[in-house]
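So you can see what is in the structure, the chains are spelled out below.
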Amino acid sequence: MDKLKIAGSALPDMPWEDRPEGCNNVLWRYSENPVIPRDILPASNSVFNSAVVPFKGGYAGVFRCDDTNRRMRLHVGFSADGIHWNINEKKLEFECDDKEIGEFVYAYDPRVCFVEDRYYVTWCNGYHGPTIGVAYTYDFETFHQLENAYLPFNRNGVMFPRKINGNFAMLSRPSDNGHTPFGDIFYSESPDMCFWGRHRHVMSPAPFEDSAWQCMKIGAGPIPIETSEGWLLIYHGVLHSCNGYVYSFGSALLDLEQPWKVKFRSGPYLLSPQKDYECMGDVPNVVFPCAALHDPETRRIAIYYGCADTVTGLAFGYIDEIIEFTKKNSII
Ligand code: BMA
């Protein structure tokens, strides 16, 4: 096989730790996990399911910080090394010309995606139930809120880092107003970041007999990474056990120009809740990835994931190995 091509800007100093001796897993956890404690802010109950991107020689992030009223809020943060974070105490306020859209209800599970000249933030936005809020920023100081992408109810809006077929592109997961016991990933395009259409079905939960960790619902995680084998998508999957929902994550490869066509999809998970901080917290047994940093040269990836809806963890791996794993263990 020709050497796999990986798109993206060089990130030689990204957060990293070598695979521990004796570890045979595709991903391994940062030894100092969790990277972000629940009480990093005086009034934060939990900090998890958050988005991190390279910014001005360091890193910026949009964090889900639920406060001690248990209200879901977003906060901006900065870091020199992607590990030690300064998170603004004041919650992120979006600027919006339209009062109807700009009225804040709640915000959670943000993703951040750089496309062309700016950073787009997508998040689960309260507007008569959850839907996908959209905003952009150049500097992580001023955020301009645009129209919600979809009708309620929807979650896990994850943009692609370049236009596809001449349009902006996003994955999302139509849902209900509660703890949705179903969920498929869909794809949509927009010419202008206002009107979204050309909706296509991407994938459904897997049959229980094939891959039980993803048999109840699935949702896109970090921004997909473009490679010569297709878009590498890390996504979460949910199993309904006798004890409640269990969130793990795995990987898929989507066709580059028709991303609703799934080429490969991992049967085994990449990571499941196993450590104390993933199994104990406000919502036990949850690993929920929302962001990844990668370096095309060294082939490294660092995945930020929410742990038990309480703290933020970091896991490392090599993109080539994740792709090999996805193809070798594919259930399609
Ligand atoms: C989903 C969202 C996520 C959360 C998960 C597990 O519906 O609320 O933010 O991590 O449930 O509680």
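Everything numeric in this text was worked out from a predicted model, so none of it was measured.

About the cut-offs
Residues numbered from 1 in each chain as written. Predicted model: local features only at pLDDT ≥ 70, side-chain atom pairs only at ≥ 80, totals over all residues. Heavy atoms only, no water. Helix = DSSP H or I, 4+ residues; strand = E, 2+ residues; numbered from the N terminus. Buried < 20%, exposed > 50% of the residue type's maximum accessible area, 1.4 Å probe, protein only. Polar contact = N/O pair within 3.5 Å; in protein donor to acceptor, adjacent residues only side chain to side chain. Contact = heavy atoms within 4.5 Å. Pairing = 2+ DSSP bridges. Axes fitted to C-alpha atoms, helices over the stretch in contact; angles between N-to-C directions. Near = heavy atom within 4 Å. Areas by Shrake-Rupley, 256 points an atom, 1.4 Å probe, with all protein chains shown as cover. Nonpolar A, V, L, I, M, F, W, Y, C, P; charged D, E, K, R; others polar. Phe/Tyr/Trp six-rings, centres within 6.5 Å; stacked < 30°, edge-to-face > 60°. Lys NZ or Arg CZ within 6 Å of the ring centre and 35° of its normal. Salt bridge = Lys/Arg side-chain N within 4 Å of Asp/Glu carboxyl O.

(A) Seen up close, the side chain of Asn-125. Mapped onto the fold, Asn-125 is located in strand 7 (residues 118-126). Residue Asn-125 is classed as buried on the basis of its relative accessible area, which comes to 4%. Only 3.2 Å separates the side chain of Asn-125 from the side chain of Trp-123, close enough to count as a polar contact. For Asn-125, the side chain forms a polar contact with the side chain of Asn-148, separated by 2.9 Å. Apart from the residues lying within four places of it in its own chain, the contact partners of Asn-125 are Tyr-106, Pro-130, Thr-131, Ile-132, Gly-133, Gln-145 and Asn-148.

(B) Inspection of the sheet that holds strand 13 (residues 197-203) at higher detail. As summarised here, the arrangement of the 4 strands in space is 10-11-12-13, forming an open sheet in which the pairing is antiparallel. Single-partner strands in this sheet number two, and they are strand 10 (154-159) and strand 13. Averaged over all neighbouring strand pairs, the angle between strand axes comes to 25°, with direction disregarded. Bridge count for strand 11 (residues 168-174) against strand 12 (residues 185-190) is 5 bridges, and the pairing is antiparallel. Bridging from a neighbouring strand, Ser-172 pairs with Phe-186 of strand 12.

(C) Main features of the side chain of Asp-66. Relative to the helices and strands, Asp-66 is located in strand 3 (residues 58-67). One polar contact links Asp-66 to Arg-64, side chain to side chain, over a distance of 3.0 Å. The contact partners of Asp-66, leaving out residues within four places of it in the chain, are Ala-43, Ser-44, Asn-45, Ser-46, Phe-48, Arg-71, Met-72 and Arg-73.

(D) Highlighting the site of the ligand. Near the ligand the following residues occur: Asn-49, Arg-64, Tyr-108, Asp-109, Tyr-247, Val-283, Val-286, Phe-288 and Asp-309. Asn-49 is positioned with one of its side-chain polar atoms (N or O) 2.8 Å from an oxygen atom of the ligand. Here an oxygen atom of the ligand sits 2.7 Å away from a polar atom, N or O, in the side chain of Arg-64. Burial of the ligand by the protein chains amounts to 86% of its free accessible area of 300 Å². Considering only residue class, the shell around the ligand consists of 5 nonpolar, 1 polar and 3 charged.

(E) Broad picture of the packing of aromatic side chains. Counting across every chain of the model gives 25 aromatic pairs. Connected via pairs of aromatic rings, a cluster forms that spans Phe-55, Phe-78, Phe-94, Phe-114, Tyr-119, Trp-123, Phe-140 and Phe-143. Over the ring of Tyr-136 we find Arg-118; its NZ or CZ atom is 4.5 Å from the centre of that ring.

(F) A look at the pattern of salt bridges. If you walk through the whole model with that rule in mind, you get 15 salt bridges. A salt bridge links Arg-162 to Glu-226; the shortest N-O distance between them is 2.9 Å. Remark: Glu-226 occurs in strand 15 (residues 225-227) and Arg-162 occurs in the loop between strand 10 and strand 11; sequence separation between them is 64 residues. A relative accessible area of 21% means that Glu-226 is categorised as partly exposed. Within this structure, Arg-38, Arg-70 and Asp-282 form a network of salt bridges that share partners.

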